[in-house]
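One-letter residues, chain by chain:
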Amino acid sequence: MSKRFDVIVIGVGAMGSAACFHLARRGASVLGIERFNIPHDRGSSHGFSRMIRMSYYEHPDYVPLLRRAWKLWEDLETETGQRILHATGGVYIGPPGSEFIAKTRQSAETYGLPHDMLDATQLAAKCPQFFVPRDWIAMHEQFAGLLVPERAISAHVDLAIKFGAQIHGNERVLEWTDDATGVTVRTDLGEYHADQLIVCGGAWSDRIVRDLGVELIVTRQVWGWVQPKRPRMFELGSMPVWAIVHLDGSIHYGFPLMPDNPGLKVAHHYHGPRVDPETIVRDPQPGDEDDFRPVLSKYLPEADGALLSIRTCMYTVSPDSHFIIDRLPRHERVTIACGFSGHGFKFATVVGEVLADLAMHGKSEMPIGFLGFQRFAGRG
Ligand SMILES: Cc1cc2nc3c(=O)[nH]c(=O)nc-3n(C[C@H](O)[C@H](O)[C@H](O)COP(=O)(O)OP(=O)(O)OC[C@H]3O[C@@H](n4cnc5c(N)ncnc54)[C@H](O)[C@@H]3O)c2cc1C
């Protein structure tokens, strides 16, 4: 087995699997190294569904990235014959004055993305699953839906292997070094060399890169799956993905019933308690259900049935909640993608493509300047 590669990718989760695929398809010799199974449920890319929405208000440059990501998700489906993206549409609901809805609408208008504004009566007619106060407002957008993360990672890895990549699961990277001639990666099973290194370590990123220079906060997040009282109302095809926005800025969101796992999935998007990825308690804990149960009883009463499952996942939050995708300062052969701050999965396809650009050509045509290390310069 060759131990010299064009590119080594550390971490074969959402971003690393996509990078392996794009690199291998362009003819690069690639080694992807993952410490757990592929896929697995101990990082940030499990749980059977992730929301994708297009009218991104968080920064204007996310929308061109999302347009490319959506196209690449469709290409991935075509190439593998797998259903990964379910375009259900999306509905975002909240009290009048909700900043999330106002800014999401602005993004839709700026980019000409198909959407409708709804009052509570129109919402009830379009989406009878929701019972909200009469003065609440909603926005429905066409280009939104859900992605199946386990299938996405498997599809990227299958294709990467087809194009010649070597992918090693259950092998842990212990350290890496770089110099003018290349990079060396030492794992618990061996040592490998490459011209370029890409680090996609998720919650472990600052352990893989000790001199990252940016604080990443890892948090414990909870999802619940419940048995709806009237399941037919919540079937895939009968409802969009949804988000209910609260005045404190936190969001509850959820998905239709999915074939891969029983129950209706609901979650709370906020920064949960800080944890260590090595010691996080993944089993359900007392109080976990309180994270999502009240929103069901209040706003989705027909979904408010028995609990089926609780699972946990980790956010890796950057100082400004924007991603970090850049060459590593002081290491010109190393590129990193981390700090996805609980909203990165939908971008995985385009992140893979951008990482391949950076590793092979040192630059990307996509607007990633706002995701670079430069923005942290001068921060204390
Ligand atoms: C509860 C929750 C809900 C979310 N909802 C959404 C959503 O609806 N929409 C959305 O777009 N995003 C969402 N996200 C965010 C999204 O899932 C993440 O941003 C994305 O999956 C992160 O991908 P990653 O590749 O950075 O991390 P991961 O997929 O976790 O990959 C990192 C990999 O590196 C491996 N690794 C670490 N250390 C080593 C080592 N030393 N050697 C080898 N391998 C190593 C890990 O095992 C892991 O597989 C959510 C996240 C959570 C937790």
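Our structure is the block above this text.
Draft legend 1. Spatial organisation of the packing of aromatic side chains. By the definition in use, this model includes 18 aromatic pairs. On the numbers, 5.2 Å between centres and 70° between planes, the contact of Y56 with Y62 is edge-to-face. On the basis of relative accessibility, which here comes to 1%, the residue Y56 falls in the buried class. The class of Y62 is buried, set by a relative accessible area of 0%. Ring centres 5.6 Å apart and planes at 90° place the aromatic pair W70 and F143 in the edge-to-face group. Pair noted here: W70 is in helix α2 (residues 62–80) and F143 is in the loop between β7 (137–141) and β8 (144–147), with a separation of 73 residues, a long-range link.

Draft legend 2. Highlighting empty space enclosed by the protein. With the rule as written, the count across this model stands at two cavities of 30 Å³ or more. Approximately 40 Å³ is the volume found for the largest cavity. In terms of lining residues, the largest cavity is bounded by G47, F48, S49, W225, F255, P256, L257, M258, N261, G263 and K265. Counted by class, the lining of the largest cavity contains six nonpolar, four polar and one charged residues. The space that makes up the second largest cavity amounts to roughly 30 Å³. L65, F323, I325, V350, V351, V354, I368 and L371 are the residues that line the second largest cavity. The dominant element in the lining of the second largest cavity, judged by the number of residues it contributes, is helix α8 (residues 348–361), at three residues.

Quick notes on the rules
- Residues numbered from 1 in each chain as written.
- Predicted model: local features only at pLDDT ≥ 70, side-chain atom pairs only at ≥ 80, totals over all residues.
- Heavy atoms only, no water.
- Phe/Tyr/Trp six-rings, centres within 6.5 Å; stacked < 30°, edge-to-face > 60°.
- Buried < 20%, exposed > 50% of the residue type's maximum accessible area, 1.4 Å probe, protein only.
- Helix = DSSP H or I, 4+ residues; strand = E, 2+ residues; numbered from the N terminus.
- 1 Å grid on protein atoms, 1.4 Å probe; cavity = no way out; pocket = protein on both sides within 12 Å on 5 of 7 lines; lining within 4 Å.
- Points joined across faces, edges and corners; volume = space filled by probe spheres on them.
- Nonpolar A, V, L, I, M, F, W, Y, C, P; charged D, E, K, R; others polar.

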